[in-house]
Amino acid sequence: MAATDVLIVCEVGEGQSDSVNAVLMANGRALARHLGGRLVCLLAGSEISGWAAELGRYADEVQVCDSPLFAHYAPHVLLELVHERLRALQPAALLMAHTFLGMDLAPRLAARLGVGSASNCLEVKLENGTVRFVRPMYRNRIHAEVLLEARPMIVTLQSGATEWPAPVDVAAAPLAVQAPQAVDRRLRAIGTLPPPAKGVDITRAAVVVCGGRGIGERENYALVSELAEALGGVAACSRPLVDMGWFSSDFQVGLSGNTVKPRLYVACGVSGAIEHLHGMKESGFIVAINKDPEAPIFKVAHCGVAADLHQVLPRLTEAVRSARAAANR
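Let me begin by describing the structure that accompanies this report. Everything quoted here is computed from the prediction, not taken from an experiment.

**Remarks on the overall build of the chain**
Logical step 1: Helix and strand content of the chain: 8 helices and 15 strands.
Logical step 2: Taken over C-alpha atoms, the radius of gyration comes to 22 Å for the chain, in line with the 20 Å a tight globule of 329 residues would show.
Logical step 3: Seen along its three principal axes, the alpha-carbon backbone of the chain occupies a region of about 65 × 40 × 40 Å.
Logical step 4: Looking at the chain as a whole, 48% of its 329 residues are labelled buried.
Logical step 5: Sequence-distant contacts in the chain: of pairs separated by 6 or more residues, those separated by 24 or more amount to 61%.
Logical step 6: Here the chain contributes 31 positive and 32 negative side-chain charges, whose respective centroids are spaced 2 Å apart.

**Quick word on the pairing of strand E11 (residues 207-211)**
Logical step 1: Of all 5 residues that make up E11, 5 are buried, and the element is covered over most of its length.
Logical step 2: Side-chain alternation along E11 places Val207, Val209 and Gly211 on one buried face and Val208 and Cys210 on a second face that is also buried.
Logical step 3: Here 5 bridges tie E11 to strand E13 (residues 264-268), and the two strands are oriented parallel to one another. When the sheet's bridge partners are listed, Gly211 is paired in E13 with Cys268.
Logical step 4: Here E11 runs beside strand E12 (residues 234-237); their pairing, made up of 4 bridges, is parallel. Across the sheet, the residue bridging to Val208 is Val234, located in E12.

**What about helix H8 (residues 309-327)?**
Logical step 1: In a regular helix each residue adds 1.5 Å, so 19 residues correspond to 27 Å; H8 covers 26 Å between its end C-alpha atoms and thus fits that length.
Logical step 2: Of all the residues in H8, the buried ones are Leu309, Val312, Leu313, Thr317 and Val320. Here the buried residues of H8 occupy an arc of 125° about the axis, which is enough to place them on one side. Across H8 from its buried face, at more than 90 degrees, point the exposed residues Gln311 and Arg315.

**Comments concerning helix H1 (residues 21-35)**
Logical step 1: An ideal rise of 1.5 Å per residue puts 21 Å on 15 residues; H1 measures up with 21 Å between its terminal C-alpha atoms.
Logical step 2: For H1, the set of buried residues is Asn21, Ala22, Val23, Leu24, Met25, Asn27, Gly28, Arg29, Leu31 and Ala32.
Logical step 3: In the segment just after H1, Gly36 is the residue with positive phi, at about 85°.

Calculation rules
Residues numbered from 1 in each chain as written. Predicted model: local features only at pLDDT ≥ 70, side-chain atom pairs only at ≥ 80, totals over all residues. Heavy atoms only, no water. Helix = DSSP H or I, 4+ residues; strand = E, 2+ residues; numbered from the N terminus. Rg over C-alpha atoms; globule rule 2.2 N^0.38 Å. Buried < 20%, exposed > 50% of the residue type's maximum accessible area, 1.4 Å probe, protein only. Contact = heavy atoms within 4.5 Å. Lys, Arg positive; Asp, Glu negative; His and termini not counted. Charge placed at Lys NZ, Arg CZ, Asp CG, Glu CD. Pairing = 2+ DSSP bridges. Expected span 1.5 Å × (residues − 1). Arc of directions from axis to C-beta.

Rendered as structure tokens:
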């Protein structure tokens, strides 16, 4: 492996998020091609041959450590494995997801190797032969571009609704690597606490209807839910509704919530702050309903209605229900 290659650590274990693998693959592939190298995926777990074969469709090489040691999350074991792979492979960059796994490992690895790291990054910018990582700062009020001069570049990327890259011409056959032998036995994981069930995952929905501060009172959110149901989609919200305690961040669209990429996104009473736009701007078709014709949301919308949502939503919901009923006759 050359110093132009990129190593990514994918997730498949208990409590881990396999949805972030598309983000790692897409960004890792782009970075590797920019540097003139290959994309190598490291996968650690127990009984993961199926996953290894699937990920081999997108990476130039898949290195697999299949061991009972990884049946449950073991941060000290995974730390040693990734560190050993970095020493052996000498890649230009290491990409991980900004999950509990990446947040745990990235700073430890950077400290061991004496290099810098960039966390919680939104984007990998590849321009004019340079590599910069875009990350939010000051509660998402600004975006900073980080340049990492030391190698390897260690980066964690935010999860989001990123599409998988095109499969490679020939799937990579999994390459087995040994589990680390020297492990600090003073550290051990005593258990994994799964997060509470979220119900519908808004990041996977084909239709998202989002309510913002403009809905007014909490009971008015029923207008958003009814339209989402009529469209066969899911209801979501912007950050102000989470800050007011109406919903958990599981339902939030935006930089500090979830990134969505549905075929249809309907923003109801959402002003369109930068924090929110980041989480939905790549939606297939965006409809904005806001009584303020100068609201920033209209700049990214494909279709806009500058009117009172309390009058528009009931009519729109009824029209959708009538159209679907007619189609089913």
